[in-house]
Amino acid sequence: MVNCEAGSHCASRSTNGQVNFSGNLNEYSTRTYETSCATSLDNQPKDNTVSDMLVDSFGRLHTYFRISLTERCNLRCQYCMPADGVELTPNAQLLTNAEILRLANLFVSSGVNKIRLTGGEPTVRKDIEDICMGLSKLKGLETLTMTTNGITLARKLPRLKECGLTSVNISLDTLVPAKFEFMTRRKGHEKVMNSINAAVDLGYNPVKVNGVVMRGFNDDEICDFVDLTREKPINVRFIEFMPFDGNVWNVKKLVPYSEMMDRVIKHVPSIKRLQDHPTDTAKNFAIDGHQGRVSFITSMTEHFCAGCNRLRILADGNFKVCLFGPSEVSLRDPLRHGAEDDELMEIIAAAVKRKKALHAGMFDLAKTANRPMIHIGG
């Protein structure tokens, strides 16, 4: 039996090594804005089972695997990449298609049911269609999604959908083309808008649009983004500005969730909190008369570590159990030295068991060495 700690999932281990969920998650004391739907794991399916490999020392079940396909990107977003760029890992040291599929199969066969492809920009990888096709065929995988900047997505998405891509998140921080060019150090705003519309036309519902909110840059556009949800099934997700190496994070640039929410309420008083899934990273809201939704990702001011179910592998094969944690362990090296699945599972399990209960506060994170976001994968 796994001991239950405050704010954690609890699980019991059966004799076959599987882990059966049997617990709940303590509520955070958060500002919920006219809602009674506090985050709780009472809604977690009681028959959910995953391998012990994916259960940490706090009983959290990790069923969501994020795979960074590349460190390359066709934009140079200021919050993601240092102004002078980053040193790219040589191609020979990046995971191959076959290596990605082998590791993904190991995770899915152990209980992962959702995979997100990230980068860099995942669509710049030439074999992206083959990777999607291979991943979509993994038995037990329910969701194959991708986070993209949308620059080339409009022309690639029809084929990616055929290859099994079930949902998409598109990053867009401003609705003003001149601001877009300033923030990304590249042109392309119209291409991103076309990709959002293409995703809607292809039947993706919702089309998630992620925006990092920064004071003095795009915080004056919050209500304009909310209006995108009126006529189309777009889920606008406002993300608090987070510190990573090279992005010159400053608390003065941070617009906290509470402030964003106050602005939205004044703009659309009918906004109402939805019942979030226990493992959601976002606080989700509906607005009367709007097809889409509005969400807030509050990593800095109201963390959601107790419900974390996410693991990630970087393009160079390093395994990372926490976005904000500096600890990494290579899966590429043992894979290329002939490790069997059991050996890889031992390495993965040991890393998962070392996962901390929660990440550090934002001021400590700003002083902690971590990779740039473009290396980690969004």
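Structure's up top.
Not measured: the values here are computed from a predicted model.

J.: What exactly am I supposed to notice about a negative patch on the surface here?
T.: Side chains of Glu340, Asp342, Glu343 and Glu346 sit close together on the surface and give a patch of like negative charge. Position of glutamate 346 relative to the elements: it lies in helix H9 (residues 341-353). Residue classification places glutamate 346 among the exposed positions, given a relative accessible area of 58%.

J.: Help me understand empty space enclosed by the protein, please; the structure alone is not making it clear to me.
T.: Over the atoms rolls a probe the size of a water molecule, and in doing so it shows where empty space is left. Summed over all chains, the structure comprises two cavities of 30 Å³ or more. The space that makes up the second largest cavity amounts to roughly 40 Å³. Lining the second largest cavity we find Asp173, Gly211, Val212, Val213, Asn218, Glu221, Ile222, Phe225 and Phe238. At the level of elements, strand S8 (207-213) and helix H6 (222-227) are the ones that each hand at least two residues to the lining of the second largest cavity.

J.: Just checking my understanding: could you explain the packing of helix H3 (residues 153-162) against helix H5 (residues 189-201) for this structure?
T.: Close contact between H3 and H5 brings their axes to 8 Å; oriented N to C, the two are set at 25°. By the criterion of interaxial angle, the relationship of H3 to H5 is roughly parallel. Crossing geometry of H3 relative to H5 is assigned as right-handed. Contacts between H3 and H5 pair Leu153, Ala154 and Leu157 from the former with Asn194, Ser195, Ala198 and Ala199 from the latter. A breakdown of the residues in the contact of H3 with H5 according to their chemical character gives five nonpolar, two polar and no charged.

J.: It is not clear to me how H3 should be interpreted in this structure. Could you clarify?
T.: In an α-helix, one turn spans 3.6 residues; hence positions three or four apart end up facing the same way. Turning to H3, its buried residues are Leu153, Lys156, Leu157 and Leu160. Looking down the long axis of H3, one finds its buried residues gathered within 115° of arc, a one-sided arrangement. Residues of H3 that are exposed and angled more than 90 degrees away from the buried face: Arg155 and Glu162. Contacts made by the buried residues of H3 are with helix H2 (128-136), strand S6 (143-148), strand S7 (167-171) and H5. Just past H3, the residue glycine 164 takes up positive phi, approximately 110°.

J.: Explain the nonpolar core here, please?
T.: For soluble globular proteins, the rule of thumb is that nonpolar side chains tend to be buried together. Counting residues in each nonpolar core, the largest one holds 75 residues, and the members touching the most others are Phe107, Ile115, Leu117, Phe238 and Phe319. Ranked by residue count, the leading element in this core is helix H1 (residues 97-109), at six residues. Apart from the residues within four sequence positions on either side, isoleucine 115 is in contact with Phe65, Ile67, Ala104, Val108, Leu135, Leu141, Thr143, Leu144 and Thr145. Among the nonpolar cores identified, the runner-up in size contains eight residues, and Val212, Met214, Phe217 and Ile297 belong to it.

Procedures and definitions
Residues numbered from 1 in each chain as written. Predicted model: local features only at pLDDT ≥ 70, side-chain atom pairs only at ≥ 80, totals over all residues. Heavy atoms only, no water. Patch = residues over 30% accessible without salt bridge, like charges linked within 9 Å, V, L, I, M, F, W, Y side chains within 5 Å. Areas by Shrake-Rupley, 256 points an atom, 1.4 Å probe, with all protein chains shown as cover. Salt bridge = Lys/Arg side-chain N within 4 Å of Asp/Glu carboxyl O. Lys, Arg positive; Asp, Glu negative; His and termini not counted. Charge placed at Lys NZ, Arg CZ, Asp CG, Glu CD. Helix = DSSP H or I, 4+ residues; strand = E, 2+ residues; numbered from the N terminus. Buried < 20%, exposed > 50% of the residue type's maximum accessible area, 1.4 Å probe, protein only. 1 Å grid on protein atoms, 1.4 Å probe; cavity = no way out; pocket = protein on both sides within 12 Å on 5 of 7 lines; lining within 4 Å. Points joined across faces, edges and corners; volume = space filled by probe spheres on them. Axes fitted to C-alpha atoms, helices over the stretch in contact; angles between N-to-C directions. Parallel < 35°, antiparallel > 145°, perpendicular 65-115°, else oblique. Left-handed = near helix turned anticlockwise from the far one by under 90°. Contact = heavy atoms within 4.5 Å. Nonpolar A, V, L, I, M, F, W, Y, C, P; charged D, E, K, R; others polar. Arc of directions from axis to C-beta. Core = buried A, V, L, I, M, F, W, Y, C linked by side-chain atoms within 4.5 Å.

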